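Listed here are the chains, written in short residue letters.
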Amino acid sequence: MTIPPHIVVLTGAGVSAESGIDTFRAGTNGQPSLWEQHRIEDVATPEAFARDPDLVLRFYDMRRAAIQTKAPNPAHLALARLDAAWPGHVTIVTQNVDDLHERAGAHGVIHMHGEHLSAWCATCDTRTRWTGPLADRPPCPACAAPTLRPDIVWFGEIPYRMDDIQAALAGADLFVSIGTSGAVYPAAGFVRLARELGAQTLELNLERSQGSAWFDETRLGPASEVVAAWVDGLLG
Ligand code: OAD
C-alpha cells in the first residue's frame, strides 16, 4: 500500500483577491503599493504602533470590519474540499490574516502572519477572538489592562509557528504556492526549502512570482479558476 502524498499549500493575498480583499503589491513590478491609502511602514510596524497607536488601531479596525463583509471565493472552497477529501495529509499555511479559509471549511490553517479576528494583550500575553474595534482601548478579557493590539505579525516581527511550518515542509511530497508574489521572507523561501527536502513544487498565480524559477511547474490564471481546476484534477 502506498502512502498518499502529503501536500503543503502556501497561500497569499491573491487567493482572497476575488473575494474583494486588496493585495499588497499591485502590477507586475513587485513594488509595494499604497495599501488602502496608507504606506505599509505607517501602519504595519512596531515603530508605527509606538509612534501613532491611534492611526494603527483605527487602520486595523477598518480592515477587521471589512473582512467580515467578505465571503470565501471558489479558490478557498476548493482548498477546503481538498482538505476534507484528500486521502493524505494537507497542511494549509497562509500569509493572509483574513479567516476566509476557515469560513470555506478548511481546518488547522496555520496563520503565519497572525489573524485580524484575534487580539493580543501586550500585558498578559493572552490571545482573544476579537471582532469589534480596538481603537477605543477595551480592557483585555483576561487581565483588564487596556493593552490589546491586533494579533498581526508586523514587519520586523517573527512569523508564527515556524517550527510547525518547517516540519510540514520536511514531510511534504508536494508544495503548492497560491497567489503570493514571493516578495516577503521567510514565506518566499519555502519553495527552495521544500525542493531541497525533496518535494515537487507547483505555483498557481495570476502572474509569475519572484521565485517562479524554483517551481517545477507554474499554472497562471485567477485563483478561482486555476485552484479549482487543480483540486478537481487531484480529486478526480
Ligand atoms: P502580494 O500582494 O505581494 O502578492 C499577491 C499576489 O497575488 C501577486 O503575485 C498577484 O499576481 C497575485 N494575484 C492577484 N490577484 C490574483 C488572483 N485573482 N488569483 C491569483 N493570484 C492573484 O501578497 P502576498 O504575497 O500575500 O505581510 O504578500 C506577502 C505579505 O506581504 C503579506 O502577508 C503581508 C505583506 O506585507 C504582512 O503583513 C506581515
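Residues numbered from 1 in each chain as written. Predicted model: local features only at pLDDT ≥ 70, side-chain atom pairs only at ≥ 80, totals over all residues. Heavy atoms only, no water.

Caption draft 1: Molecular detail of the overall build of the chain. Check the secondary structure of the chain and you find nine helices and nine strands. Over its C-alpha trace the chain gives a radius of gyration of 18 Å, about what one expects of a compact globule, namely 18 Å for 236 residues. In terms of overall dimensions, the chain has C-alpha extents of about 55 × 40 × 30 Å along its principal axes. When the 236 residues of the chain are sorted by exposure, 48% land in the buried category. As displayed, the chain has an accessible area near 11200 Å², and 54% of this comes from carbon and sulfur atoms. Taking the average place of the 18 positive charges on the side chains of the chain and the average place of its 28 negative ones, the gap between the two points comes to 2 Å. (Helix = DSSP H or I, 4+ residues; strand = E, 2+ residues; numbered from the N terminus. Rg over C-alpha atoms; globule rule 2.2 N^0.38 Å. Buried < 20%, exposed > 50% of the residue type's maximum accessible area, 1.4 Å probe, protein only. Areas by Shrake-Rupley, 256 points an atom, 1.4 Å probe, with all protein chains shown as cover. Lys, Arg positive; Asp, Glu negative; His and termini not counted. Charge placed at Lys NZ, Arg CZ, Asp CG, Glu CD.)

Caption draft 2: Broad picture of the packing of aromatic side chains. Taken as a whole and judged by the stated rule, the model has four aromatic pairs. Where tyrosine 60 meets tryptophan 154, the ring centres are 6.1 Å apart and the plane angle is 45°; that geometry is what we call tilted. On the criterion of sequence distance, the pair formed by tyrosine 60 in helix 4 (residues 53–67) and tryptophan 154 in the loop between strand 6 (148–152) and helix 7 (162–170) is long-range, its members being 94 residues apart. The same class applies to tyrosine 60 and to tryptophan 154, which are both buried. Taking 6.4 Å as the distance between ring centres and 20° as the angle between the ring planes, the aromatic pair formed by phenylalanine 175 and phenylalanine 215 counts as stacked. Within this pair, whereas phenylalanine 175 is found in strand 7 (residues 174–178), its partner phenylalanine 215 is found in the loop between strand 8 (200–205) and strand 9 (217–220), the two being separated by 40 residues in sequence. By relative accessible area, phenylalanine 175 is classed as buried at 1%. Owing to a relative accessible area of 10%, phenylalanine 215 belongs among the buried residues under this scheme. Of the aromatic side chains, those joined through ring pairs into one cluster are Phe49, Phe59, Tyr60 and Trp154. The lysine or arginine in question, arginine 149, covers the ring of tryptophan 154, its NZ or CZ lying 3.8 Å from the ring centre. (Phe/Tyr/Trp six-rings, centres within 6.5 Å; stacked < 30°, edge-to-face > 60°. Lys NZ or Arg CZ within 6 Å of the ring centre and 35° of its normal.)

Caption draft 3: Up close: the sheet that holds strand 3 (residues 110–111). Ordered by their spatial adjacency, six strands build an open sheet running 3-2-1-7-8-9, and the pairing between neighbours is parallel. Of all strands in the sheet, those with a lone pairing partner are strand 3 and strand 9, marking the two edges. (Pairing = 2+ DSSP bridges.)

Caption draft 4: Here's a closer look at the site of the ligand. Near the ligand, the surroundings consist of 22 residues, among which Ala13, Phe24, Arg25, Thr180 and Ser181 are the closest. At 2.6 Å from an oxygen atom of the ligand is found a side-chain nitrogen or oxygen belonging to serine 181. The side chain of glutamate 207 places a nitrogen or oxygen atom 3.2 Å from an oxygen atom of the ligand. Burial of the ligand by the surrounding chains reaches 93%, relative to a free accessible area of 790 Å². (Near = heavy atom within 4 Å. Polar contact = N/O pair within 3.5 Å; in protein donor to acceptor, adjacent residues only side chain to side chain.)

Caption draft 5: Seen up close, the environment of proline 72. Relative to the helices and strands, proline 72 is located in the loop between helix 4 and helix 5 (74–85). Distance from proline 72 to leucine 134, taken between C-alpha atoms, is 25 Å for residues 62 residues apart in sequence. Those residues within four positions of proline 72 in sequence are excluded, and the remaining contacts are Ser19, Leu100, Arg103 and Ala104. (Contact = heavy atoms within 4.5 Å.)

Caption draft 6: Molecular detail of the nonpolar core. By size, the foremost hydrophobic cluster in this structure holds 25 residues, and its most contacted members are Ile7, Leu79, Val176, Ile178, Leu204, Val227 and Trp230. If you list the elements that add at least two residues to this core, you get strand 1 (7–11), helix 5, strand 2 (90–94), strand 7, strand 8 and helix 9 (223–235). A total of six residues in this core trace back to one element, the largest contributor, which is helix 9. Ile165, Leu169, Ala199 and Phe215 belong to the second-largest nonpolar core, a separate cluster that totals 17 residues. (Core = buried A, V, L, I, M, F, W, Y, C linked by side-chain atoms within 4.5 Å.)

Caption draft 7: Inspection of the pattern of salt bridges at higher detail. In total, this model carries nine salt bridges according to the counting rule given. Between glutamate 157 and arginine 149 there is a salt bridge, and its shortest N-O distance comes to 3.0 Å. Note on arginine 149: relative accessible area 8%, which makes it buried. Here glutamate 217 ties to arginine 219 by a salt bridge, and the two come within 2.8 Å at their closest N and O atoms. Overall, glutamate 217 belongs to the partly exposed group, its relative accessible area being 37%. (Salt bridge = Lys/Arg side-chain N within 4 Å of Asp/Glu carboxyl O.)

Caption draft 8: Region of interest: helix 7. Taken as a whole, helix 7 has its buried residues at Met162, Ile165, Ala168 and Leu169. For helix 7, the arc enclosing every buried residue in end-on projection is 125°, short of the 170-degree limit, so these residues lie on one face. Opposite the buried face of helix 7, by more than 90 degrees, sit the exposed residues Asp163 and Ala167. Among the structural elements, strand 1, strand 2, strand 3, strand 7 and helix 8 (190–196) are those in contact with the buried residues of helix 7. (Arc of directions from axis to C-beta.)

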